Amino acid sequence: MFRYQLLIEYLGTNYKGWQIQKKNKTIQGILQDKIRKLLKENITIVGSGRTDAGVHAIEQSAHFDLKNKLLSLDKFINSINHFLKNENIAILKIRKRTSNFHSRFSAKERTYLYIIRNDQSPSTINHNREWNIRNKLDLNLMKKGAKKLVGTHNFSTFRAANCSAKNPIRTIKKIQILKSKKQIRIRIKSQSFLKSQVRSIVGSLKYLSENKWNLKKFEYVFNSKDRKNCAPLAPAHGLYLEKVSY
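Everything in this summary refers to the structure shown in the same document. (Residues numbered from 1 in each chain as written. Predicted model: local features only at pLDDT ≥ 70, side-chain atom pairs only at ≥ 80, totals over all residues. Heavy atoms only, no water.)

**Re the environment of leucine 233**
So, step 1. Considering the arrangement of structural elements, one finds leucine 233 in the loop between α5 (215-224) and β10 (239-245).
So, step 2. Assessed through its relative accessible area of 32%, leucine 233 is described here as partly exposed.
So, step 3. Distance in space between the C-alpha atoms of leucine 233 and serine 200 is 4.9 Å, their sequence separation being 33 residues. (Helix = DSSP H or I, 4+ residues; strand = E, 2+ residues; numbered from the N terminus. Buried < 20%, exposed > 50% of the residue type's maximum accessible area, 1.4 Å probe, protein only.)

**Remarks on the nonpolar core**
So, step 1. Among the nonpolar cores identified, the biggest contains 64 residues, and Phe64 and Ile186 are the most heavily contacted of them.
So, step 2. Sequence-distant contacts of phenylalanine 64, that is, excluding residues within four places in its chain, are made with Phe2, Arg3, Tyr4, Leu6, Ile35, Leu39, Ile43, Thr44, Ile45, Phe76 and Ile94. (Core = buried A, V, L, I, M, F, W, Y, C linked by side-chain atoms within 4.5 Å. Contact = heavy atoms within 4.5 Å.)

**Quick look at the packing of aromatic side chains**
So, step 1. For the structure shown, the criterion picks out nine aromatic pairs.
So, step 2. Each residue in the set Tyr4, Phe64 and Phe76 is aromatic and connected to the rest through ring pairs, giving one cluster.
So, step 3. Note that lysine 96 overlies the ring of tyrosine 4, its terminal NZ or CZ placed 5.8 Å from the centroid. (Phe/Tyr/Trp six-rings, centres within 6.5 Å; stacked < 30°, edge-to-face > 60°. Lys NZ or Arg CZ within 6 Å of the ring centre and 35° of its normal.)

**Thoughts on the pattern of salt bridges**
So, step 1. If you walk through the whole model with that rule in mind, you get 14 salt bridges.
So, step 2. Between glutamate 109 and lysine 173 there is a salt bridge whose closest N-O contact spans 3.8 Å. Separated by 64 residues along the polypeptide, glutamate 109 in strand β5 (residues 109-118) and lysine 173 in strand β8 (residues 169-180) bring together distant segments of the chain.
So, step 3. Here glutamate 109 falls in the buried class, since its relative accessible area comes to 18%. (Salt bridge = Lys/Arg side-chain N within 4 Å of Asp/Glu carboxyl O.)

**Describing helix α4 (residues 197-209)**
So, step 1. Taking 1.5 Å per residue as the helical rise, α4 with its 13 residues ought to reach 18 Å, and the 18 Å between its terminal C-alpha atoms agrees with that figure.
So, step 2. All of the buried residues along α4 are Gln197, Val198, Arg199, Ser200, Ile201, Val202, Gly203, Ser204, Leu205, Lys206, Leu208 and Ser209. (Expected span 1.5 Å × (residues − 1).)

**Things to note about helix α3 (residues 139-149)**
So, step 1. Every buried residue of α3 is accounted for by Leu139, Leu141, Met142, Gly145, Ala146 and Leu149. Angular distribution of buried residues about the axis of α3 spans 160°; they occupy a single face of the element. Every exposed residue of α3 that faces more than 90 degrees away from the buried side is listed here: Asn140 and Lys147.
So, step 2. On its buried face, α3 sits against β7 (151-154), β8, β9 (183-190), α4 and α5.
So, step 3. Following α3 by one or two positions, glycine 151 has its phi on the positive side, about 115°. (Arc of directions from axis to C-beta.)

**Side note on unusual backbone geometry**
Most peptide bonds adopt trans geometry, and most residues besides glycine take a negative phi value.
So, step 1. Phi angles above zero are rare outside glycine, and asparagine 88 is one such case at about 60°.
So, step 2. Considering the arrangement of structural elements, one finds asparagine 88 in the loop between α2 (73-84) and β4 (89-97).
So, step 3. With a phi close to 65°, asparagine 211 is a non-glycine residue in the positive phi region.
So, step 4. With respect to the helices and strands, asparagine 211 occurs in the loop between α4 and α5.
So, step 5. According to the relative accessible area criterion, asparagine 211 is exposed, its value standing at 57%.

In structure tokens form, the structure reads like this:
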């Protein structure tokens, strides 16, 4: 068998997430179907992780196994992108990998990017690609809250009620918050994330930066380990899986 890694870009707006579903349109489902038809093999795509409905990817990583070796990687990319041109999905790169490589379990770090537009007027061009917040946000307060989350902690407050992870302990390596004109970019790095963890964090940082919570309240919510105390989730359309590092 021959193993290949794909780097994939997609807009998740019209998809019910990454993971294949019987009755819904998903990124994995479309990719798997198109590659099977192109290569005439019953392949299975394995992603680095599951992005939720409406979430985008700047560089998702996945792998699949083939019985027959690809003779030209450039030809494969050109051909598969032709079949994906109307799907808001593109293959950025394909790499030959050994059987020891696994797109999910070999990953050492995942980076998620959340984009907020802090302005009275939403952007028409970036519709469904950023979260428009009209209230003025206190960036310094947001950064102070984010700093509390860096390191190894119990993130039970910031995990979905139906999260299947056995352990709520995660290590956030870095949270970077940058503002350029009307746009705030929140970049979060960790080896792995709980379900809805990033959107929960962003939603709670929004509450803090709007002064709906003070820093003491933010710390209380985080340390309570109680999902019921979490602020409302940030919407999926502002979230991007930016990079998976190996």
